[in-house]
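Residues per chain are reported as follows:
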Amino acid sequence: MPAAATPPWPGGAPAPHPQLRVTNDDRDQVVEHVKVAYAEGRLDKDEMDERLHLAMTARTHADLMPIMTDLYGSRPPFIPPPPPLQRMASPVMPQPLARDSTDRVVASAAHLISLTGLFIVGPLIMLLTAGKTSPYVRKHAVESLNFHLTVLGASILLPITVVGLILVPFVWVAGIVLAIVGGISALSDSEFRYPFTLRLIK
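Enquirer: Which residues make up the layout of surface pockets, and what values do they have?
Expert: Here the largest pocket defines a volume of roughly 160 Å³. In terms of lining residues, the largest pocket is bounded by F147, T150, V151, A154, V171, A174, L178, P195 and F196. Ranked by residue count, the leading element in the lining of the largest pocket is helix 6 (residues 135-157), at four residues. Of the residues contributing to the lining of the largest pocket, the split by class is eight nonpolar, one polar and no charged.

Right, dumping it as structure tokens:
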């Protein structure tokens, strides 16, 4: 039978020659149309299973044509395109915690409290109290505590030598100046790191 005399193929195009071998895509198209016909109620379950079996085992277009002809004739069914893939929503990045005036004042106190003589105990108290609820206070309290522990260690070790003994007063003066700078930085919502500091506490 010439190609022009064969029923239209799904999609409206003229059917290929009946003796041509079918491809997997050809079988899949017919399978989809059979499923649509079943969904529309024009085939029962047994008829659908039978036609699906014929479609999947078809070798030539002549095997596929009888499956479609009595269903659609010259009108191929409409199969809606699959819905577009939904764009994945961008992950919501956590917002940084707001640093209110209280956090800044307490963080500043973690540096400046050393001027009262509580150069280790003061930052430690700030760390164990306000530092538990405020990451900002904790960060400054840990920095201050590590610096003053370093100053304490230097004050113990430097006097072993004459040069070190001379340097001790300068270390303490530098500690006072840096503590004031750290307090001002914390109060102005800025990061601050002491130089020459052994950071033993994280």
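Enquirer: Give me the packing of aromatic side chains: which residues, what numbers.
Expert: As enumerated under the stated definition, the model contains two aromatic pairs in all. Measuring from ring centre to ring centre gives 4.8 Å for F192 and Y194, while their planes differ by 85°; the resulting arrangement is edge-to-face. Owing to a relative accessible area of 2%, Y194 belongs among the buried residues under this scheme. Members of the aromatic cluster, each reached through a chain of ring pairs, are F147, F192 and Y194.

Enquirer: So what about a negative patch on the surface? Which residues, and what values?
Expert: Together, D44, D46, E47 and E50 make up a region of like negative charge exposed at the surface. Within the fold, E50 resides in helix 2 (residues 45-57). For E50, a relative accessible area of 51% puts it in the exposed group.

Rules behind the numbers
- For every chain, the first residue of the written sequence is number 1, and numbering continues from 1 onward in sequence order.
- Local features in this predicted model are restricted to residues whose pLDDT is 70 or higher, and side-chain atom pairs enter the listing and the counts only when it is 80 or higher, whereas totals over whole chains, interfaces and linings include all residues.
- Each side-chain value is derived from all of the structure's non-hydrogen atoms; neither hydrogens nor water enter the calculation.
- Within this scheme a cavity is a closed region of a 1 Å grid, computed over the protein atoms alone, that accommodates a 1.4 Å probe without allowing it to escape, whereas a pocket is open but has protein on both sides within 12 Å along at least five of seven lines; lining residues each have an atom within 4 Å of a point.
- Grid points are joined across faces, edges and corners, and a volume is the space filled by probe spheres set on the points.
- The helix and strand labels rest on DSSP assignments: H or I over at least four residues marks a helix, E over at least two residues marks a strand, and numbering proceeds from the N terminus.
- Asp, Glu, Lys and Arg are counted as charged, while Ala, Val, Leu, Ile, Met, Phe, Trp, Tyr, Cys and Pro are counted as nonpolar; the rest, among them Gly, fall into the polar class.
- Whether two aromatic rings pair depends on their centres lying within 6.5 Å, for rings of Phe, Tyr and Trp, where Trp uses its six-membered ring; planes under 30 degrees apart make the pair stacked, over 60 edge-to-face, and the rest tilted.
- Accessibility here uses a 1.4 Å probe with only protein chains present; expressed as a share of the type maximum, an area under 20% marks a residue as buried, one over 50% as exposed, and anything in between as partly exposed.
- Each patch is built from residues lacking any salt bridge and having more than 30% relative accessible area; the joining distance is 9 Å for like charges and 5 Å for nonpolar side chains (Val, Leu, Ile, Met, Phe, Trp, Tyr).
- Computed with the Shrake-Rupley method and a 1.4 Å probe, the accessible areas treat only the protein chains shown as cover for residues.
- Take a side-chain nitrogen of Lys or Arg and a carboxyl oxygen of Asp or Glu: if they are within 4 Å of each other, that pair is a salt bridge.
- The positive count covers Lys and Arg only, the negative count covers Asp and Glu only, and His and the chain ends enter neither.
- By convention, the charge on Lys lies at NZ, on Arg at CZ, on Asp at CG and on Glu at CD.

Everything listed is a geometric property; what it means functionally is a separate question.
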